[in-house]
Amino acid sequence: MQGDCMKRLSEIADNSIDTIFADPPYFLSNGGISVHSGKQVCVDKGDWDKGGTPEYIYEFNRRWLGLCRTKLRDNGTIWISGTHHNIHVVMRCLQELGYKVLNTITWQKSDPPPNLSCRYFNFSTELIIWARKSEKKPHKFNYEKMKMLNGGQQMTDVWRIPAVSSWEKLEGKHPTQKPLRLLYRIILAATDEGDTVLDPFSGSGTTGIAANLLGRKYIGIEQESEFVQLSMRRRQALEDEASRKTLYDKMRTLPEETTVLVNHMREADRENAMRTGITYVRAGDSKGSLLVKEGFERLGYVCLHTNGDNPTLFKLARKGFQIWTAEALREIGFSAENAPYYAVLRFEPTSQVAYDQPVNLRKRQYTQVPHIQPISDFIGLK
Ligand SMILES: C[S@@+](CC[C@H](N)C(=O)[O-])C[C@H]1O[C@@H](n2cnc3c(N)ncnc32)[C@H](O)[C@@H]1O
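Residues numbered from 1 in each chain as written. Predicted model: local features only at pLDDT ≥ 70, side-chain atom pairs only at ≥ 80, totals over all residues.

### Quick look at the overall build of the protein
Secondary structure summary: the protein contains 10 helices and 16 strands in total. The dimensions of the protein, computed from C-alpha atoms along their principal axes, are 75 × 45 × 40 Å. Counting only residues that meet the buried cut, the protein has 36% of its 382 residues in that class. Contacts spanning at least 24 positions in sequence make up 71% of the contacts within the protein whose residues lie at least 6 apart. (Helix = DSSP H or I, 4+ residues; strand = E, 2+ residues; numbered from the N terminus. Buried ≥ 20, exposed ≤ 12 C-beta atoms within 10 Å, placed from the backbone. Contact = placed C-beta atoms within 7 Å.)

### Some points on the environment of methionine 1
Within the secondary structure, methionine 1 is located in the segment before helix H1 (5-8). Through-space distance from the C-alpha of methionine 1 to that of glutamine 223 is 8.3 Å; in sequence the pair is 222 residues apart. Every residue in contact with methionine 1, bar those within four places of it in the chain, is listed here: Arg8, Ile219, Gly220 and Ile221.

### A look at the site of the ligand
By nearness alone, 19 residues border the ligand, and Asp23, Phe201, Gly203, Ser204 and Thr206 come closest of all. In the shell around the ligand, the residues fall into seven nonpolar, seven polar and five charged. (Near = placed C-beta within 6 Å. Nonpolar A, V, L, I, M, F, W, Y, C, P; charged D, E, K, R; others polar.)

### Regarding the sheet that holds strand E9 (residues 217-220)
The strand order E7-E5-E6-E4-E1-E8-E9 describes an open sheet built from seven strands, whose pairing is mixed. Two strands in the sheet have a free side with no partner beyond their single neighbour: strand E7 (158-160) and E9. Strand-to-strand twist across the sheet, computed as the mean angle between neighbouring axes with direction ignored, equals 20°. Sheet analysis places strand E5 (residues 100-108) next to strand E6 (residues 125-132), joined by eight bridges and oriented antiparallel. (Pairing = 2+ DSSP bridges. Axes fitted to C-alpha atoms, helices over the stretch in contact; angles between N-to-C directions.)

### Description of the nonpolar core
Counting residues in each nonpolar core, the largest one holds 48 residues, and the members touching the most others are Ile20, Ile78, Trp79, Leu183, Ile186, Ile187 and Ala210. Per-element tally for this core: the top contributor is helix H5 (residues 180-190), with nine residues. Here alanine 210 is in contact with Leu180, Leu183, Tyr184, Ile187 and Met251, once residues within four sequence places are set aside. Listed in part, the 32 residues of the second largest apolar core include Val262, Tyr301, Phe321 and Phe347. (Core = buried A, V, L, I, M, F, W, Y, C linked by C-beta atoms within 7 Å.)

### Considering helix H3 (residues 87-97)
Listed as buried for H3 are Val90, Cys93 and Leu94. Relative to the axis of H3, the buried residues are bounded by an arc of 100° and lie together on one face. Of the residues in H3, the exposed ones pointing more than 90 degrees away from the buried face are His88, Gln95 and Glu96. Looking at the buried residues of H3, the elements they touch are helix H2 (54-71), strand E4 (72-82), E5 and E6. Glycine 98 occupies a position one or two residues after H3 and carries a positive phi of about 95°. (Arc of directions from axis to C-beta.)

### Comments concerning the packing of helix H6 (residues 206-213) against helix H7 (residues 225-237)
Packing of H6 against H7 brings their axes to within 9 Å, and their N-to-C directions diverge by 20°. Classified by the angle between their axes, H6 and H7 sit roughly parallel to one another. Between H6 and H7 the crossing geometry is right-handed. The segment H6 lies against H7, with Gly208, Ile209 and Asn212 engaging Ser231, Arg234 and Arg235. In the contact of H6 with H7, the residues fall into one nonpolar, three polar and two charged. (Parallel < 35°, antiparallel > 145°, perpendicular 65-115°, else oblique. Left-handed = near helix turned anticlockwise from the far one by under 90°.)

### Some points on H2
Residues three or four positions apart in an α-helix share a direction because the helix packs 3.6 residues into each turn. For H2, built from 18 residues, the straight-helix expectation of 26 Å at 1.5 Å per residue is met to within 8% by its first-to-last C-alpha distance of 27 Å. Residues of H2 that are buried in the fold lie against H1, strand E1 (17-22), E4, H3 and strand E8 (196-199). (Expected span 1.5 Å × (residues − 1).)

### Focus on unusual backbone geometry
Unlike most non-glycine residues, cysteine 118 shows phi in positive territory, near 55°. Residue placement: cysteine 118 occurs in the loop between E5 and E6. Note on cysteine 118: 7 C-beta atoms within 10 Å, which makes it exposed. Although it is not a glycine, asparagine 310 adopts a positive phi angle of roughly 50°. You can see asparagine 310 is positioned in strand E13 (residues 309-316). Given 11 C-beta atoms within 10 Å, asparagine 310 falls into the exposed group.

Keep in mind these numbers describe shape, not what the thing actually does.
Now the structure itself:
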């Protein structure tokens, strides 16, 4: 929808939205300096971001947050991003309006631009308040999916995600575009397939693109026609299957993501592994050592299979691995016979992890040779 969200929000049915992500004006375009592509630039995101009086900023936030609350379902939640320029006012308004604050997420940018003045600590974070509509009604939270994304540990309120990348700007630029990876996590945490997501300050439509890629419905409101056009181009680009897949894969993979060792084992060895909680891979051979494969240091899970059959996922019991001789493995019943040394990993055999998007292990490259894949290949759309 194009227009002022203060007006257009009234056209949306009450109690119809599952989650709202809002990236409102931070009101920081007031003559400060920043860095863009290595050059010093004046902070000027647009007229919509110029500050007003404290009273104006308070009234502005209170109004749109009040309108949004009526649109949320009773178990619905809202996420609002900000920095110290606006976030404390937003927090006050949320509390006054009867929302219940659930978390304040710190989004830590893994690649922040430098601070040129050298008179401050480098600004490398943004805050995202997560709140629910009502004090009493329980909210939706896909806890297990978040835990899996975090290598089997509870997801914390510090999210390390890079700032927006060039592959997200192929259709044009918005001065304050949010990364798809951030919206991926938010939407996955708070909604299920088919739910409806609203963004009242939609800008280049990032929330809508992530929602669409995840099979959610979306309503976005943006006042500037330039940005509405950009959103429509981004949406149109998803019609091309190849571009859609590229975007989807990039969105759900973080450079620092937990990985899974996908390991073929012969039937008898696999049964022994499931009994002992031990699995192993050759610690190097002429075809290249697994130990130097990218992602090995971030292993959190192991997926055992036999020629693609019966894939089962287990959480590793501890980080890292030990090097064992083939002889030591043979002593406890394994048929290790192709190499003198093996990397041994321990997992908890009784706690099989459920996942909803099995990778196709029958493809030739996944059998026989151990493979490392991001955990997001195992959990996904649902
Ligand atoms: C911080 S940007 C959002 C960027 C967006 N998250 C993205 O990833 O592209 C805020 C957007 O809200 C729009 N905006 C500001 N005030 C508005 C209002 N009252 N109604 C609708 N849109 C508004 C601005 O034009 C701007 O594009």
